[in-house]
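The primary structure of each chain is shown beneath.
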Amino acid sequence: MQLVAESPEFRLPLTALAGEDEAAREAEARRLAAEEARTPFDLSRGPLLRVRLLRLGEREHVLLLTMHHIISDGWSLGVLVRELTALYEAFAQGRPSPLAELPIQYADFAVWQRRWLTGDVLEEQLSYWKRQLAGAPALLALPTDRERPPVQTYRGATRSMELPRELAESLAELGRRRGATLFMVLLAAFQVMLHRWAEQDDIVVGTDIANRHRAETERLIGFFVNMLVVRTRLDAGVTFEELLGRVREVMLGAYAHQDLPLEKLVEALRPERNPAYSPLFQVVFVLQNAPAPPLSLPDLTITPLHRQGEAVRFDLSLLMWETEGGLRGVWTYRTDLFDAATVSRLMSRFANLLRAVAAEPGARVGSLDMRSEGERQELSTKKKALKAASFDRFKKTTPKAVAAAPRELIETGRLEGGPALPLVVRPKVKEFDAAAWARASRRFIDDELLRHGAILFRGFQGGDEGEFARFVRAVTPELMDYSEPTTPRREVGGGLYTSTEHPADQPILLHNEMSYSRRWPMKIWFHCVRPAARGGDTPIADSRRVYELLDARVRERFVERGGVMYVRNYGGGFGLSWQQVFLTASREEVERRCREAGVEFEWRGGDALRTRQVAQAAARHPSTGDALWFNQAHVHHILSLDPPLRELILSVAEDEKFPLDLNAFYGDGGEIEDSALAAIREAYRRAQVSFAWQEGDILLLDNMRVAHGRAPFEGPRKVVVAMAEPFAAARQQTAGAGAEPGRG
């Protein structure tokens, strides 16, 4: 039975922590947080929410918010954060609560669920689960470091892991090819790992489901989450793709019968209860999709306070969620059973298994390699030792020289004159295999690119396009196609393209490649095969610096007016035709792709097409969180052209409002003022760094962090381009006008 208080009482006790030592005050705050979490609730009287404020200093506080799980779940925390943010902002500005009245309350949902889940509906749900779990093993017999205690405790700990974006995208693409979700791919791999580890063919795990498939429940705080029992039978001879098909079918059936609470299922099945382990399943896998907005409040800097120690419900749990950088996971385990080293090995094996699945999804699950590089080397060493032991005597061998570490083969510095951008990397030795060095130095290159935004590799090779292709693929094996082009480029082979075929006497304004699109490259490579006789530099500018230099009023105007709208004309005498851009002659296919991308379209006279698409004006870097000016509003605006060229285009344009092949407006469709465009151009001018190309130069840019352009030139010039690591705008966090991360 649930009681709803007519006039809830709320208290916010304030505790000032004494002492001059900052570390001691923080330690006391953590102690109080742990004590607060251990303090039980009285379910018969309430309240089931406690809030306490700790004062560490004049401008530093810790807010402890403790809720009983019976009134909240993971989704509820996202709702709470959004409402707390809205209320705090309104209070700080002296405004009334901006929160709208809820159409229903949790009690309404509880009443509906109880009335609905009866009779034939309840019987059909129960029948499915009874069939699905008939004969299922009561215990997943994982190898433990210690004997299982007769009565389970709740002592536990956690370990964290991160997987790169490239791997996450490969796994998601595998799922799309097989009609499965990323969750299904990860769950199938998790079950393979358990199958191999426990040497058990019948694997049963639990997984959370939000249980909010009705729109009215999405804004409620309450305990909606349910747990599904996932049972999969597998053997070493099945391929991973076949297993994925099985998991897909199991999950579709589970989703269709998700409304039966786990408590009802346990009550109906009446499994043999054992105090040593939980009934039905002891291992849990979850891919979290609950909305979790960042907590950002005016004039406050907020940092989560991570509490040490965990109370666990299951032997082993893996909670994963997608991030802008890839996938993150938290492993929670029962310390009565497992050591931290065991879980660390398990984490490593799971990551290796996912890489093997992405590389060879058609392989049999028994052959997928889960071993770490260290384990493989250890096994190889043992095999060599065993082989050597069979010889009658040892043979003397001449020692080989130890190769120099990759970092010792190069030196780093700046361009002559000392600009901070780009970082310049030069080889220190004459005999230098650039591709081999790059392959061994991926981590170094990625770290330095994240730190500087641009790296110029000078003196690595001559103007050989084949060597450049090998160098690029050593760092970024998968290259992007030049999709959604706005200007002509020709592919020269192997994922390499010519630079933009723009008149040599006209500059190309600074811009971030394809920032007008829904999908852009995170990395862009330039290789100077032949520098121009005069001019032809590739100026670059730090997008963070552009954002900082730009008048805040201009930034605010773009945010308030919805970003940037790009209106594009295809055919009808303009730039590229829609057949060239979409690589199809089918209007139906073009329309389908536009709808999927949220792009408005209209067919015009003849064979002409016009599209409208709204994109960001500013963005957050997915790895650093830095605010960036990231759009091409100034590039695709008639007012940015030199007056003679502008007059020429306007004189022949069919539509003066949309004279260019790509035209930029505010996100709401309004005209961008000349003063705003001038401010943007000035910010780029002040942030710009330029250098002269040398034959063989390779320039690597973080395409979001650093914009690039091209100066006019004379004489023959050849620069080839490669793009890599596609990033989807749907995963992008927009930067607002202010400095608060995550707002927009």
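Residues numbered from 1 in each chain as written. Predicted model: local features only at pLDDT ≥ 70, side-chain atom pairs only at ≥ 80, totals over all residues. Heavy atoms only, no water.

Please explain the overall build of the protein as it appears in this structure.
Each helix and strand counted, the protein has 19 helices and 30 strands in total. For the protein, with 744 residues in total, the buried portion stands at 45%. Nonlocal contacts in the protein, meaning residues at least 24 apart in sequence, comprise 75% of its contacts between residues at least 6 apart. A total accessible area of about 38,800 Å² is found for the protein, and carbon and sulfur atoms account for 51% of it. (Helix = DSSP H or I, 4+ residues; strand = E, 2+ residues; numbered from the N terminus. Buried < 20%, exposed > 50% of the residue type's maximum accessible area, 1.4 Å probe, protein only. Contact = heavy atoms within 4.5 Å. Areas by Shrake-Rupley, 256 points an atom, 1.4 Å probe, with all protein chains shown as cover.)

Whenever I open this one, the sheet that holds strand 25 (residues 662–666) confuses me. Can you help?
Backbone hydrogen bonds hold the strands of a sheet together, and the pairing may be parallel or antiparallel. Spatially, four strands are ordered 21-22-20-25 in an open sheet, and the strand pairing comes out antiparallel. Of all strands in the sheet, those bounded by a partner on one side alone are strand 21 (600–603) and strand 25. Between one strand axis and the next, the sheet turns through 15° on average, direction left out of account. (Pairing = 2+ DSSP bridges. Axes fitted to C-alpha atoms, helices over the stretch in contact; angles between N-to-C directions.)

Even after reading the chapter, I still don't get unusual backbone geometry, so can you show me in this structure?
Excluding glycine, most residues fall at negative phi; most peptide bonds, likewise, are trans. Of note in the backbone geometry, Arg270 takes a positive phi value of approximately 50° without being a glycine. If you trace the backbone, Arg270 turns up in the loop between helix 8 (262–269) and strand 7 (283–288). Unlike most non-glycine residues, Leu280 shows phi in positive territory, near 75°. Mapped onto the elements, Leu280 comes out in the loop between helix 8 and strand 7.

So what exactly am I meant to see when it comes to the pairing of strand 12 (residues 423–427) here?
Taken residue by residue, a regular strand's side chains alternate between the two faces of the sheet. Counting buried residues in strand 12 gives four out of five residues, a clear majority hidden from the surface. In this structure, strand 12 lies alongside strand 13 (residues 454–457), joined through three bridges in parallel fashion. Along strand 13, the bridge assignment pairs Val424 with Leu456.

Teacher, can you tell me more about helix 19 (residues 674–687) here?
At 3.6 residues per turn, the α-helix brings residues three or four places apart onto the same side. Counted at 1.5 Å a residue, the expected span for helix 19 with its 14 residues is 20 Å, and the 20 Å between its end C-alpha atoms agrees. Those residues of helix 19 that sit buried are Ala676, Leu677, Ile680, Ala683, Tyr684 and Ala687. All buried residues of helix 19 project into a common sector of 120° when viewed along the axis, lining one side. Turned more than 90 degrees away from the buried face of helix 19, the exposed residues are Ser675 and Arg685. (Expected span 1.5 Å × (residues − 1). Arc of directions from axis to C-beta.)

Honestly, that's just the spatial picture; any functional story needs more than this.
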